Amino acid sequence: MFRLTARLVTQLAAALRPRPPSPPAPPELTQPPRTPDPYVWTLPSPRDARWRRWHRHKNPTDLLLPDEDCWQQPPPPRPPNWTTTDNVVRLYVLQAEEIKKPYPQGSW
């Protein structure tokens with residue numbers, strides 16, 4: 001009797017439990033393939049990946065970087081365009097000193 005009651009309660013609970021949504025249907029094979037996203041890198045072919053690993057193993061210092069401007073070494077830094085004889089006070093400070101205060105007490 002206990003087993004029958006337990007089985008009945010279990011089946012009733014399973015029937016009342018909400019079911020997860022069914023997975024979406026797979027796309028039909030007749031649809032044209034999607035165009036690849038140009039901003040997502042694609043994986044190289046297994047042959048190319050194997051060759052790259054082998055080449056890195058044999059030549060660890062060679063990074064296989066393309067000959068583009070963004071991969072080139074930046075130019076050496078230029079020396080500063082000022083000298084120690086230049087006046088280091090900013091112009092707005094010099095102009096503020098030229099302005100006379102309207103009140104002799106010093107408040108604006």
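## Focus: the overall build of the chain
Phase 1: When helices and strands are tallied, the chain shows 3 helices and 0 strands.
Phase 2: The order of α-helices and β-strands along the chain, N terminus first, is α-α-α.
Phase 3: Put simply, the chain shows about 12300 Å² of open surface, and 61% of that area lies on carbon and sulfur atoms.

## Here's the deal with the confidence of the model for the chain
Phase 1: Overall, the prediction assigns the chain a mean pLDDT of 77, with 75% of residues at 70 or greater.
Phase 2: Here helix 3 (residues 91-98) stands out as the least confident element of the chain, with mean pLDDT 70; helix 1 (residues 2-16) is the most confident, with 87.

## What to know about a positive patch on the surface
Phase 1: The grouping of R47, R50, R52, R53 and R56 at the surface amounts to a positive patch.
Phase 2: Structurally, R56 is set in helix 2 (residues 46-58).

Reading the values: rules and limits
Residues numbered from 1 in each chain as written. Predicted model: local features only at pLDDT ≥ 70, side-chain atom pairs only at ≥ 80, totals over all residues. Heavy atoms only, no water. Helix = DSSP H or I, 4+ residues; strand = E, 2+ residues; numbered from the N terminus. Areas by Shrake-Rupley, 256 points an atom, 1.4 Å probe, with all protein chains shown as cover. pLDDT = per-residue confidence, 0-100. Patch = residues over 30% accessible without salt bridge, like charges linked within 9 Å, V, L, I, M, F, W, Y side chains within 5 Å. Salt bridge = Lys/Arg side-chain N within 4 Å of Asp/Glu carboxyl O. Lys, Arg positive; Asp, Glu negative; His and termini not counted. Charge placed at Lys NZ, Arg CZ, Asp CG, Glu CD.

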